[in-house]
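# Survey of secondary and tertiary structure
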Amino acid sequence: MHFFIPLLLFISVVSSQSEEDEKIDYNDDGKIDYSDDEVKCLACQKCIKDIEAEIQNVTPAKKMPKTFIIDGEGNIGEPNIEYRRSETFLIDIMENICDRMDNAVKVKHKTTGEMMLFTLALADGKMNPLINDIDIPEDSGLGNNPKMYCEDMMDKYGDEILELFKVEENLVEKICTTITNFCPTPEKVKEEL
């Protein structure tokens, strides 16, 4: 008799799940199984947004020579460029950006409903101040390592990404959708709906 009460309770809880919950895939361990494509897309978006944030943290007034070639009279031939758009600065960022994925979790923004990877701790070890703006799912573990996807993207597309960041801004969609194909195009998303 005592066995049937918990069984009935379990059945009633399982049958009351919402349709949204039924769409979630679980792996053999009972954890949420995120698709490779979804994790790739989120990792790409986070990586590019983090690079853009690093660029914005440097004042455009900071300049450096475009090249260090000096003519016979001791003059540097080419004009100065913004340091934040220099190959030196961008390579330094791109070599270290994937390390930020180590403590990334999949979250949903409370206001926009956007799914994203979120870094809980900042580089200085402090808690991310935007923690109150997000909802963390009960099981936000990621089946595949977003750092691995970030590193793969940098290995395969690093030269193209570097060249784009030298001259352009707001590159998340261009890089993650057009160049790497890690994210679906808006047209493909509409087709799936």
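Residues numbered from 1 in each chain as written. Predicted model: local features only at pLDDT ≥ 70, side-chain atom pairs only at ≥ 80, totals over all residues. Heavy atoms only, no water.

## Let's talk about the overall build of the protein chain
Along the backbone of the protein chain there are 7 helices and 5 strands. Beginning at the N terminus, the succession of helices and strands in the protein chain can be written as α-α-α-β-β-α-β-β-β-α-α-α. Roughly 13,000 Å² of accessible area belongs to the protein chain as shown, and the carbon and sulfur atoms make up 52% of that amount. (Helix = DSSP H or I, 4+ residues; strand = E, 2+ residues; numbered from the N terminus. Areas by Shrake-Rupley, 256 points an atom, 1.4 Å probe, with all protein chains shown as cover.)

## Here we look at helix α4 (residues 87-96)
Those residues of α4 that sit buried are Phe-89, Leu-90, Ile-93 and Met-94. Seen from one end, α4 has its buried residues packed into an arc of 125°, which puts them on one side. Among the structural elements, α3 (36-56) and α5 (146-167) are those in contact with the buried residues of α4. (Buried < 20%, exposed > 50% of the residue type's maximum accessible area, 1.4 Å probe, protein only. Arc of directions from axis to C-beta. Contact = heavy atoms within 4.5 Å.)

## A look at the packing of α5 against helix α6 (residues 172-179)
Each pair of packed helices gets described by two things: the angle between the helix axes and the distance between those axes. Their axes nearest at 11 Å, the elements α5 and α6 cross at an angle of 150°. The orientation of α5 with respect to α6, classified from their angle, is roughly antiparallel. When the axes of α5 and α6 are compared, the crossing they make is right-handed. For the pair α5 and α6, contact is made by Tyr-157, Glu-160, Ile-161, Leu-164 and Phe-165 and by Lys-174, Ile-175 and Ile-179, respectively. Its residues placed into classes, the contact of α5 with α6 shows 6 nonpolar, no polar and 2 charged. (Axes fitted to C-alpha atoms, helices over the stretch in contact; angles between N-to-C directions. Parallel < 35°, antiparallel > 145°, perpendicular 65-115°, else oblique. Left-handed = near helix turned anticlockwise from the far one by under 90°. Nonpolar A, V, L, I, M, F, W, Y, C, P; charged D, E, K, R; others polar.)

## Examining the pattern of salt bridges
This model, assessed by the stated rule, comprises 12 salt bridges. Between Glu-38 and Lys-106 there is a salt bridge, with its nearest N and O atoms 2.4 Å apart. Linking Glu-38 in helix α3 with Lys-106 in strand β3 (residues 104-109), this pair joins segments that are 68 residues apart in sequence. In this structure Glu-38 comes out as partly exposed when scored by relative accessible area, which is 29%. The salt bridge involving Glu-163 is made with Lys-166; its shortest N-O contact spans 3.2 Å. With Glu-163 and Lys-166 both in helix α5, this residue pair falls 3 residues apart, about one helical turn. By relative accessible area, Glu-163 is classed as partly exposed at 44%. Judged by relative accessible area, Lys-166 falls into the partly exposed class, the value being 23%. The structure contains a network of salt bridges with shared partners spanning Glu-87, Glu-163 and Lys-166. (Salt bridge = Lys/Arg side-chain N within 4 Å of Asp/Glu carboxyl O.)

## So, the confidence of the model for the protein chain
Per-residue confidence for the protein chain gives a mean pLDDT of 76, with 70% of residues at or over 70. Scored below 50 in pLDDT, residues 1-27 makes 9 contacts in the model with residues more than four places away or belonging to other chains. Contacts of residues 29-33 to residues separated by more than four positions or lying in other chains number 12 contacts, the stretch itself having pLDDT below 50. (pLDDT = per-residue confidence, 0-100.)

## Points about the pairing of strand β4 (residues 115-119)
With 4 of 5 residues buried, β4 is to be regarded as a mostly interior element. Taken together, the 5 bridges between β3 and β4 define a ladder with antiparallel strand orientation. Bridging from a neighbouring strand, Val-105 pairs with Phe-118 of β4. Between β3 and β4, which pair antiparallel one after the other, the connecting turn spans 5 residues, and Gly-113 there sits at a positive phi close to 80°. (Pairing = 2+ DSSP bridges.)

## Considerations on the nonpolar core
One broad trend across soluble globular proteins is that nonpolar side chains are buried collectively. If you look at the biggest cluster of nonpolar residues, it comprises 35 residues, and the most contacted ones within it are Ile-48, Ile-51, Met-153, Met-154, Ile-161, Phe-165 and Ile-175. Contributing elements (two or more residues each) for this core: α3, α4, α5 and α6. Setting aside anything within four residues of it in sequence, one finds Phe-165 in contact with Ile-48, Ile-51, Glu-52, Ile-55, Arg-85, Leu-90, Leu-171 and Ile-175. (Core = buried A, V, L, I, M, F, W, Y, C linked by side-chain atoms within 4.5 Å.)

## Focus on the sheet that holds strand β5 (residues 134-135)
The strand order β4-β3-β5 describes an open sheet built from 3 strands, whose pairing is antiparallel. In this open sheet, the two edge strands, each paired with only one partner strand, are β4 and β5. The pairing of β3 with β5 spans 2 bridges and is classified as antiparallel. Of the residues in β5, the one forming a bridge with Lys-108 is Asp-135. Packing of α3 onto the sheet brings it into contact with β3 and β4, and relative to β4 it is tilted by some 55°.

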